[in-house]
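Structure assessment
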Amino acid sequence: MLLITAFFIILLIFFCFTGIIPILYWKRRKVPHLMAWPYFGNRISHVFHQHTMLDVLNKHYQAFREKRYFGFYNMCTPVLILRDLKLIKQITVEEFDSFPEHRRFIPDELDRLWSKNLFAMRGDEKWKSMRATLTPFFTGSKLKMMFGLMKSCSNQFTNHFLSQNQLVTVELKDAFTRLANDVIAITAFGVSCNSLENKTNEFYLMGKVISNVTGWRSSLQNLYQLSPTLYKFLGYPFYPKKEKSFFENLVNEIVKLRKNKGLSKVDVIHSLIEAKNKKDSILTNEDITAQVMIFFFAGFESISTMLCYTCYELAINPDVQENLYKEISVALRATNGDITYDMLMNIQYLGNILDESLRKWPPFNFIDRCSIKPFTIKPKESDEKSLYLEAGTVCIIPVLSIQRDPKYYPDPERFDPERFSKANKQVPYFSFGVGQRNCIGSRFALLEGRLIIAELIRKFKIVPVEKTEIPLVMNKGRNNAIPSNGFWLGLKPRR
Ligand code: HEM
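Residues numbered from 1 in each chain as written. Predicted model: local features only at pLDDT ≥ 70, side-chain atom pairs only at ≥ 80, totals over all residues. Heavy atoms only, no water.

A separate point is the sheet that holds strand E3 (residues 168-171). Judged by pairing direction, the sheet is antiparallel, and its 3 strands sit side by side in the order E3-E9-E8 without closing on themselves. Both outer strands of the open sheet, E3 and strand E8 (460-463), are each paired with one neighbouring strand and no more. Within this sheet the neighbouring strands show an average axis-to-axis angle of 30°, counted without direction. The sheet contacts of helix H20 (residues 442-459) involve E8 and strand E9 (488-493), and relative to E8 the element is tilted by about 100°. (Pairing = 2+ DSSP bridges. Helix = DSSP H or I, 4+ residues; strand = E, 2+ residues; numbered from the N terminus. Axes fitted to C-alpha atoms, helices over the stretch in contact; angles between N-to-C directions. Contact = heavy atoms within 4.5 Å.)

Structure representation (structure tokens):
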């Protein structure tokens, strides 16, 4: 009996320390928050697939309308969600020295290849130097040089459907993921794939695995938020082993081949090899692999999601699609039917459509910053007190909730590219992040977006078909807004 009582007391103490005390964090600091569950925090309904992460975040965002910030529990990890735009600017831009990095997904030592990529790197001198090495790759002149490579992929893509000479019903997420794969493979590694024809090419299969953080890999992420110590003990890396060695071997081979044959190409690997060959450089093949892998990781999902939502909105807003078709036709007449870099950049309406699509459907619902030193948020409102944040505090910017807030975007559910016309330019806009840690690939992504949408619209009408869900039904297991049944749409040749 005594033994059983002792066992239950120990269990109770364990429960208090691991389940209850963590969710008293914001109460102790007098930060407004909603009631949280032991271990699952405020994400319980998302973890058990009852609500999407977006619903959960929105519920909290709406509950604290008058507040500049509020507390939230990502499982057992307390995070501060920022609502106020000035505070967001302060944390992400002005106080960059205190908040220079993203939150951890796993302990650095468990996966060196993950922790060495630009996104995961600590906000130190190494990150600064890597960012400076990669930035020139995304300048206008470099993108212009790469435009030809992108164009060959987009031509291959549209011709694949055009050759069928009839209305084709396509699941666009799959199709655009294949296209995004081909573009990243050729621009990062100089390798061409044609994944629509070569359905099981290794690049596509490997890229799909590393960029897919659902199911088992998403549960591991939850485990890390629940208990970093337990995660460390289990020791799971972020990237699966097989895919990791595929990219490691590939980079080693490419580096060797280019050195032996003196080959020079317009791709990311080339820029990185040049940086590695510089005097005093401390770059290794592992650093190069880490960067090209994050480009795969970042480019695969986000670009295909952007393209899917843009096509979906064009299909259900035929007037917007017709306006765009007219603008593209006028521009094409001036170039004798050739899609050029300059011509694409000058179609303002095309840019507005992509901006509006990314406003309404940002591929990342939220972004984060993690502090490396203590920081105090000074009170601004009468009901606020100074809030001391210790080093390691995670702040979240709820991108989607802000971009659907009628305070900033009236009638937010309406797809209206005019919001982004020169006269109407709207703030706030966080789809590519904010401040020094913003997305390095945004110009690349928007160029690819402009090119693919222009190629598609000139050749096809994008139409809803029987399988098209209106409205889309979202997958409750995902962190970002992705429909459960994919994006089914029809491509109807214009001639
Ligand atoms: C529509 C497509 C894309 C979207 C919506 C997107 C969005 C984002 C966002 C929200 C962040 C975090 C920014 C922040 O914390 O402030 C980010 C970071 C990043 N993105 Fe993108 N991204 C896209 C495409 C790309 C592409 C194509 C690449 C590479 C070729 C890329 C590479 C990166 C990298 C390396 C970072 C980390 C930057 C750093 O920490 O210094 N992204 N992206």
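A separate point is the layout of surface pockets. Roughly 600 Å³ of volume is contained in the second largest pocket. In terms of lining residues, the second largest pocket is bounded by 25 residues, among which Met 121, Lys 126, Ser 129, Met 130 and Leu 283 are the most central. Every element with two or more residues in the lining of the second largest pocket is listed here: helix H7 (125-134) and helix H14 (268-277). The greatest single-element share of the lining of the second largest pocket, amounting to 6 residues, is contributed by H7. Split by residue class, the lining of the second largest pocket holds 10 nonpolar, 5 polar and 10 charged. (1 Å grid on protein atoms, 1.4 Å probe; cavity = no way out; pocket = protein on both sides within 12 Å on 5 of 7 lines; lining within 4 Å. Points joined across faces, edges and corners; volume = space filled by probe spheres on them. Nonpolar A, V, L, I, M, F, W, Y, C, P; charged D, E, K, R; others polar.)

In this section: helix H16 (residues 318-334). Here H16 spans 25 Å end to end across 17 residues, near enough to the 24 Å set by a 1.5 Å rise per residue. Taken together, the buried positions of H16 are Val 320, Gln 321, Leu 324, Ile 328, Ser 329, Ala 331 and Leu 332. Elements in contact with the buried residues of H16: helix H15 (285-316), helix H17 (341-346), helix H18 (348-360), H20 and E8. Positive backbone phi, at 55°, marks Asn 336, one or two positions downstream of H16. (Expected span 1.5 Å × (residues − 1). Buried < 20%, exposed > 50% of the residue type's maximum accessible area, 1.4 Å probe, protein only.)

Turning our attention to the packing of aromatic side chains. By the definition in use, this model includes 37 aromatic pairs. Residues Phe 238 and Phe 297 carry aromatic rings whose centres are separated by 5.8 Å and whose planes lie at 65° to one another, so their mutual orientation is edge-to-face. Pair noted here: Phe 238 is in the loop between helix H12 (228-234) and helix H13 (241-261) and Phe 297 is in helix H15, with a separation of 59 residues, a long-range link. Pair check on accessibility: Phe 238 and Phe 297 agree, each one buried. Note on Tyr 409 and Phe 420: the rings are 6.3 Å apart at their centroids and 35° apart in plane angle, and the pair reads as tilted. With Tyr 409 in the loop between helix H19 (399-403) and H20 and Phe 420 in the loop between H19 and H20, the pair connects residues that are 11 residues apart, well separated along the chain. Each member of the pair Tyr 409 and Phe 420 is classed as buried. Ring pairs connect the aromatic residues Phe 189, Phe 203, Tyr 204, Phe 246, Phe 247, Phe 296 and Phe 300, which therefore count as one cluster. Directly above the aromatic system of Tyr 204 lies the positively charged group of Arg 178, at a separation of 4.1 Å from the ring centroid. A cation sits over an aromatic face here: Arg 359 above Tyr 409, 5.1 Å from the ring centre. (Phe/Tyr/Trp six-rings, centres within 6.5 Å; stacked < 30°, edge-to-face > 60°. Lys NZ or Arg CZ within 6 Å of the ring centre and 35° of its normal.)

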